[in-house]
Amino acid sequence: MKNIVILGATGSIGTNTLDIIQRFPDQFQILGLTAKSSDEKLESLIKAFRPKVVALQDEVAAMALAQRLSKTKVEVLSGENGILAVAQLSEADLVISAIVGAAGLLPTLSAIRAKKTVAVANKEPLVMAGEIIKKEAAFNGVSILPIDSEHSAIFQVLNGERHQDIQRIILTASGGPLLRLSNDEKTQISPEVALAHPNWKMGPKISIDSATLMNKGLEIIEAKWLFDLPAGKIDVVIHPESIVHSMVEFIDRSVVAQLGLPDMRTPISYVLHYPERIPLSLPSLDLAEVGTLTFEKPDTKAFPLLTTAYAALEGGGSLPAVLNAANEEAVKAFLDKRIHFGTITKVIQQTLEAHRPNAIKTLDDVLEADRWARIEGKRWIKKDTNS
Ligand code: NDP
Ligand code: MG
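To start, this report covers the structure provided alongside it. (Residues numbered from 1 in each chain as written. Chains lettered and ligands numbered in written order. Predicted model: local features only at pLDDT ≥ 70, side-chain atom pairs only at ≥ 80, totals over all residues. Heavy atoms only, no water.)

1. Quick notes on the overall build of the protein
No. 1: When helices and strands are counted, the protein shows 17 helices and eleven strands.
No. 2: In summary, the protein has a C-alpha radius of gyration of 20 Å against a globular reference of 21 Å for 387 residues, a match within 12%.
No. 3: Oriented by its inertia axes, the alpha-carbon framework of the protein measures out at about 60 × 50 × 40 Å.
No. 4: Looking at the 387 residues of the protein, the share that counts as buried comes to 56%.
No. 5: Counting contacts in the protein only where the partners sit at least 6 residues apart, residues at least 24 apart contribute 70% of the total.
No. 6: By element, 52% of the accessible surface of the protein is carried by carbon and sulfur atoms, the whole surface being about 17300 Å².
No. 7: Looking at the protein, you have 42 positive and 46 negative side-chain charges, and the mean spots of the two groups are 3 Å apart. (Helix = DSSP H or I, 4+ residues; strand = E, 2+ residues; numbered from the N terminus. Rg over C-alpha atoms; globule rule 2.2 N^0.38 Å. Buried < 20%, exposed > 50% of the residue type's maximum accessible area, 1.4 Å probe, protein only. Contact = heavy atoms within 4.5 Å. Areas by Shrake-Rupley, 256 points an atom, 1.4 Å probe, with all protein chains shown as cover. Lys, Arg positive; Asp, Glu negative; His and termini not counted. Charge placed at Lys NZ, Arg CZ, Asp CG, Glu CD.)

2. Some details on the pairing of strand E2 (residues 28-35)
No. 1: Taking burial as the measure, the eight residues of E2 include seven buried ones, the bulk of the element.
No. 2: Across six bridges, strand E1 (residues 2-7) lies against E2 in parallel orientation. Of the residues in E2, the one forming a bridge with isoleucine 4 is isoleucine 30.
No. 3: Tracing the backbone out of E1, into helix H1 (residues 12-21) and back to the parallel element E2 gives a crossover that is right-handed.
No. 4: Where E2 meets strand E3 (residues 53-56), four bridges bridge the pair, whose relative direction is parallel. Pairing of leucine 33 across the sheet is with valine 54, part of E3.
No. 5: Each parallel crossover has a hand, and the one from E2 via helix H2 (residues 39-49) to E3 is right-handed. (Pairing = 2+ DSSP bridges. Right-handed = clockwise from strand over helix to strand, strands pointing away.)

3. What to know about the packing of helix H6 (residues 124-140) against helix H11 (residues 214-227)
No. 1: Relative orientation of the contacting elements H6 and H11 amounts to 5°, with a least axis distance of 9 Å. Classed by the angle they form, the pair H6 and H11 counts as roughly parallel. The segment H6 lies against H11, with Leu126, Val127, Gly130, Glu131 and Lys134 engaging Leu218, Ile221, Glu222, Trp225 and Leu226.
No. 2: Its residues assigned to classes, the contact of H6 with H11 comprises six nonpolar, one polar and three charged. (Axes fitted to C-alpha atoms, helices over the stretch in contact; angles between N-to-C directions. Parallel < 35°, antiparallel > 145°, perpendicular 65-115°, else oblique. Nonpolar A, V, L, I, M, F, W, Y, C, P; charged D, E, K, R; others polar.)

4. Some remarks on the environment of lysine 383
No. 1: Inspection of the secondary structure assignment puts lysine 383 in helix H17 (residues 363-386).
No. 2: The class for lysine 383 is partly exposed, based on a relative accessible area of 47%.
No. 3: In sequence terms lysine 383 and aspartate 235 are 148 residues apart; their C-alpha atoms lie 35 Å from each other.

5. Observations concerning the sheet that holds strand E11 (residues 255-259)
No. 1: As summarised here, the arrangement of the four strands in space is E9-E8-E10-E11, forming an open sheet in which the pairing is mixed. Strands at the two margins of the open sheet, each flanked by one partner only, are strand E9 (234-238) and E11. Here the strands of the sheet are splayed against their neighbours by 20° on average, with no regard to which way each runs.
No. 2: Where helix H7 (residues 149-158) meets the sheet, its contacts fall on strand E8 (166-173), strand E10 (244-250) and E11, and the angle it forms with E10 comes to roughly 40°.

6. Digging into the coordination of the magnesium ion (ligand 2)
No. 1: Asp148 (OD), Glu150 (OE) and Glu219 (OE) make up the full set of protein donors to the magnesium ion (ligand 2), lying at 2.1 to 2.2 Å.
No. 2: Sequence spacing among the residues donating to the magnesium ion (ligand 2) works out to D-x1-E-x68-E. Within this pair, whereas glutamate 150 is found in helix H7, its partner glutamate 219 is found in helix H11, the two being separated by 69 residues in sequence. (Donors = N, O, S within 2.8 Å, 3.2 Å for Na, K, Ca; no water.)

7. What to know about the packing of aromatic side chains
No. 1: Within this structure, the stated rule accounts for four aromatic pairs.
No. 2: Consider the rings of phenylalanine 155 and tyrosine 270, whose centres lie 6.2 Å apart with planes at 80°: the pair is edge-to-face. In this pair, phenylalanine 155 sits in helix H7 while tyrosine 270 sits in helix H12 (residues 265-273), placing the two residues 115 residues apart along the sequence. Considered together, phenylalanine 155 and tyrosine 270 belong to a single accessibility category, that of buried residues.
No. 3: Seen in terms of ring centroids, phenylalanine 334 and phenylalanine 341 are 5.5 Å apart; in terms of plane orientation they differ by 75°. Their pairing is edge-to-face.
No. 4: With relative accessibility at 1%, the residue phenylalanine 334 sits in the buried group.
No. 5: Over the ring of phenylalanine 303 we find lysine 186, and its NZ or CZ is 3.9 Å from the ring centre.
No. 6: Positioned over the ring face of tryptophan 380 is arginine 379, at 5.5 Å from the centre of the ring. (Phe/Tyr/Trp six-rings, centres within 6.5 Å; stacked < 30°, edge-to-face > 60°. Lys NZ or Arg CZ within 6 Å of the ring centre and 35° of its normal.)

8. Quick notes on unusual backbone geometry
No. 1: Of note, the bond from tyrosine 274 into proline 275 is cis; its omega dihedral lies within 30 degrees of zero at 5°.
No. 2: Tracing the backbone through its elements, the reader meets proline 275 in the loop between H12 and helix H13 (287-290).

Shown next, in the form of structure tokens:
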């Protein structure tokens, strides 16, 4: 029996993980669950999965939940410290890191420091602090297993291969819901349209990141740290069908890909059972029915953030943390209808331009870059709102 903790249990990755877990009650036990403020959703998960401990970041929501659960044995923790406590529960065998954004950085690091195997969906901490996370994982002797579909594909393809035999990796990108729109058409797009991803059902933040292609920008940085590869060995190709999840080209020019229907439950089940596979009763990929798989070069004029992300990766230091924080602020402002879609790119680029890059040696350096970029990003957002 594996004891599982899910950070971000009420989200898209969290509930997909629970969907797999409830299919194998004799293999997995839910030990801890966390969320931000969705107390009712968390309560229904508590009823279904009987965790020992839960935490809500929002103190008021946690108090209300604790009151409703006062006659049960479930411990309800609150605030950031509550989430950190769940991330390091001593009986946990595997921690699923599925909080969205920078808020997942400290919980992910806490789980690693508590010597837990961590399965990472939450890519932003790797973007901000990849080097620190990798060092902590090595120091504590723990594995980081990727959930992101592209990185899971590469992880599966690299199983048994030698690192020096990798020529390059090729991340596929669907192109999101706005792939065929002109820049002018995109500028006025509403959050509702930008949220409607053609192939994947995901949380709001990553859905907007997919529409700007920033998600692929974050993923190239995620790939650098997960697979220890320089920017020059990480390519991106647009593949609107989302069937080929990513590929590796080896030095003998053999290209190996991982394919499947777009369903996060497959990469999630891979980390839950790694290194074994288990039978999942999900629809089979029928290539004859899909018919055509297409690939195209990313249009960097239409999606400039991919180039911006490559530059941040190559520049290194504080740049990826600044890129990430400015993006988080811009996406939030767009979802709140404070800025236009086209302004997301402007906010990120202006924030990066205003930044004097510095080296990242400690976690404090990361947090300082994140803090600075949010203030600077908000300044550009405000300027745009007033203009
Ligand atoms: P969702 O928005 O659906 O869920 C986010 C989860 O994190 C919720 O449980 C939410 O709680 C919790 N949360 C949000 N903010 C905080 C906070 N400040 N402190 C503590 N908990 C918080 O996101 P997704 O599941 O879509 O994405 C999660 C991560 O996985 C992201 O980093 C994303 O990039 C990555 N990912 C997602 C994929 C997908 O298919 N969805 C695919 C690949 C990667 P509450 O419900 O209370 O708000
Ligand atoms: Mg992905």
